[in-house]
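# Fold and geometry: a report
So you can see what is in the structure, the chains are spelled out below.
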Amino acid sequence: MLSAHGFSLSSRVIAINGLLFALGTALLAFSPATVSSRPLWSEVIVLAVGLTVMIVANGVLVGGNLRPLDRLVSQLDRARSTEPIERLPVPRSGISHDLAESVNDLLGRIESGQRESSLAALAAQEAERARIAQELHDGVGQSLTAVLLEIGALTDDADPETARALAGVREATRASLDEVRGVARQLRPHVLEDLGLRSALAALTTELFSHGATHVRRGIMPGLPELDDPVELVVFRVAQEALTNVARHGRARTVELTLNQVGGDVVLTVDDDGIGIPTGAAGTGVRGMRERATLVGGHLEVGRRDGGGTRVRLVVPA
Ligand SMILES: Nc1ncnc2c1ncn2[C@@H]1O[C@H](COP(=O)(O)OP(=O)(O)OP(=O)(O)O)[C@@H](O)[C@H]1O
Ligand SMILES: [Mg+2]
């Protein structure tokens, strides 16, 4: 039941109506006016004036109480169309004050519930990646290492021709082992845990571009605010996917990664001067970046740059 200052809305309406009925009855009882069994025109006019006065008074009094609620409902309608849902302005007093406060409180609780489940989803995703990374490292990685040792032992006793063949097999095995280790590393950014975001991003660019023709520029603002772990991880994962895309699809001469603080946000950009992403292209990679950004209350833009090439821009709350 809505109440402000101890009076519920229904009791106010009932009180207003009761007061008006009492006034009308008192007027009928104590005024000299009479109504004939066949009303005269003059009596009808008096009755009509009396009725009109009561209807108008009722409208003004009840309307005055309900209008703030109508305003609140239309404000809520407007607020619902925004993302995230805006808070209602809280009037200074009255029933609409109580209602706006309750609605705002409810919205706050819904939002923090959503945030918690998003973060839990993110943590679960990372835990799963870590498990796969561990399995790759301990399973396939260890077996390939064992195969390499075995080949080494066989080569020692082999004749020159077999030794040459074994050298080829060893190279292929070593390449596979490198690949497995690379995948495991990508799945679990140890550097992020051990050295922090700055060094992890540096390691990422070195790893991806040290052998290619693409030149890397990094501009990481000094004194960036400390980010929460999940937010830091999202920045790293988005940088990883954006840079991998440049390496795989960009055909760029230069790629530039910047990380800056803008107001209360941290902004990551990855710009390249390559062929440019086709408009509307969105595979698993781009969709994943966007999803991760939303999970921590940020947003992502991916598009072609004016001068050619692609820009990925991630904004997350610091
Ligand atoms: N920097 C870039 N330069 C040019 N094209 C790009 C760039 N980044 C993405 N693209 C294009 O956008 C498409 C979608 O990218 P997205 O990362 O979603 O998928 P993907 O890289 O093909 O596959 P994956 O799911 O492994 O990431 C790519 O296939 C590519 O054609
Ligand atoms: Mg991709």
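As a reminder, the structure under discussion sits directly above these lines.
Residues numbered from 1 in each chain as written. Chains lettered and ligands numbered in written order. Predicted model: local features only at pLDDT ≥ 70, side-chain atom pairs only at ≥ 80, totals over all residues. Heavy atoms only, no water.

### Comments concerning the side chain of Gln240
Within the secondary structure layout, Gln240 lies in helix H7 (residues 229-250). Within the local environment of Gln240, its side chain forms a polar contact with the backbone oxygen of Gln186, the two atoms lying 3.4 Å apart. Within the structure, Gln240 has its side chain in polar contact with the side chain of Arg237 (distance 2.8 Å). When neighbours within four sequence positions are excluded, Gln240 is seen to be in contact with Gln186, Leu204 and Leu208. (Helix = DSSP H or I, 4+ residues; strand = E, 2+ residues; numbered from the N terminus. Polar contact = N/O pair within 3.5 Å; in protein donor to acceptor, adjacent residues only side chain to side chain. Contact = heavy atoms within 4.5 Å.)

### Points about unusual backbone geometry
One can expect most non-glycine residues to show negative phi and most peptide bonds to be in trans. Positive phi, normally seen in glycine, also occurs at Arg251, with a value near 50°. By secondary structure assignment, the location of Arg251 is in the loop between H7 and strand E4 (254-262).

### Quick word on the environment of Arg292
Relative to the helices and strands, Arg292 resides in helix H8 (residues 284-295). Distance in space between the C-alpha atoms of Arg292 and Asn245 is 17 Å, their sequence separation being 47 residues. In contact with Arg292, other than residues within four places in its own chain, are Leu122, Gln125, Glu126, Arg129, Val234 and Arg237. Looking at Arg292, its side chain comes within polar contact range of the side chain of Gln125, at 3.2 Å.

### Section: helix H1 (residues 9-30)
With 22 residues, H1 should reach 32 Å at 1.5 Å per residue; the first-to-last C-alpha distance of 32 Å fits that figure. In this structure, the buried residues of H1 make contact with strand E2 (7-8), helix H2 (41-80) and helix H3 (95-157). (Expected span 1.5 Å × (residues − 1).)

### Some thoughts on the coordination of the magnesium ion (ligand 2)
Of the protein atoms, only Glu241 (OE) and Asn245 (OD1) coordinate the magnesium ion (ligand 2), at distances of 2.0 to 2.1 Å. Note that Glu241 and Asn245 are positioned in helix H7 at a spacing of four residues, about one turn of the helix. On the basis of relative accessible area, Glu241 is assigned to the partly exposed category, the value being 23%. (Donors = N, O, S within 2.8 Å, 3.2 Å for Na, K, Ca; no water. Buried < 20%, exposed > 50% of the residue type's maximum accessible area, 1.4 Å probe, protein only.)

### Observations regarding the site of ligand 1
Looking at ligand 1, there are 18 residues lining it, with Glu241, Asn245, His249, Gly283 and Val286 nearest. Between ligand 1 and Gly285, the relevant distance is 3.3 Å, taken from an oxygen atom to a main-chain nitrogen or oxygen of the residue. The fraction of the free accessible surface of ligand 1 (590 Å²) that becomes covered by protein chains is 77%. Of all elements in the fold, only H7 and H8 reach the threshold of two or more residues within the shell around ligand 1. (Near = heavy atom within 4 Å. Areas by Shrake-Rupley, 256 points an atom, 1.4 Å probe, with all protein chains shown as cover.)

### Observations concerning the pattern of salt bridges
Enumeration according to the criterion identifies eleven salt bridges in this entry. Between Glu135 and Arg131 there is a salt bridge, and its shortest N-O distance comes to 3.3 Å. Here Glu135 pairs with Arg131, and both are found in helix H3, just four residues apart, close to one helical turn. Under the relative-accessibility criterion, Arg131 is labelled partly exposed at 40%. Here Glu171 and Arg174 are joined by a salt bridge, their closest N and O atoms 3.7 Å apart. (Salt bridge = Lys/Arg side-chain N within 4 Å of Asp/Glu carboxyl O.)

### Describing the pairing of strand E7 (residues 310-317)
Pairing of strand E5 (residues 265-272) with E7, which is carried by seven bridges, proceeds in the antiparallel orientation. From the neighbouring strand, Asp265 faces E7, where its bridge partner is Pro317. In this antiparallel pair of consecutive strands, strand E6 (residues 299-304) and E7, the connection spans five residues, and Gly308 shows a positive phi of 100°. (Pairing = 2+ DSSP bridges.)

### Describing the sheet that holds strand E3 (residues 215-220)
With respect to topology, five strands assemble into an open sheet ordered E3-E4-E5-E7-E6, the strand pairing being mixed. Because the sheet does not close on itself, it has two edges, and the strands there are E3 and E6. Each adjacent strand pair in this sheet contributes to an overall mean axis angle of 10°, direction not counted. Against the sheet, helix H6 (residues 197-209) makes contact with E3 and E4, and its axis sits at roughly 175° relative to E3, the strand it touches most. Against the sheet, H7 touches E4, E5, E6 and E7, its axis set at about 175° to E7. (Axes fitted to C-alpha atoms, helices over the stretch in contact; angles between N-to-C directions.)

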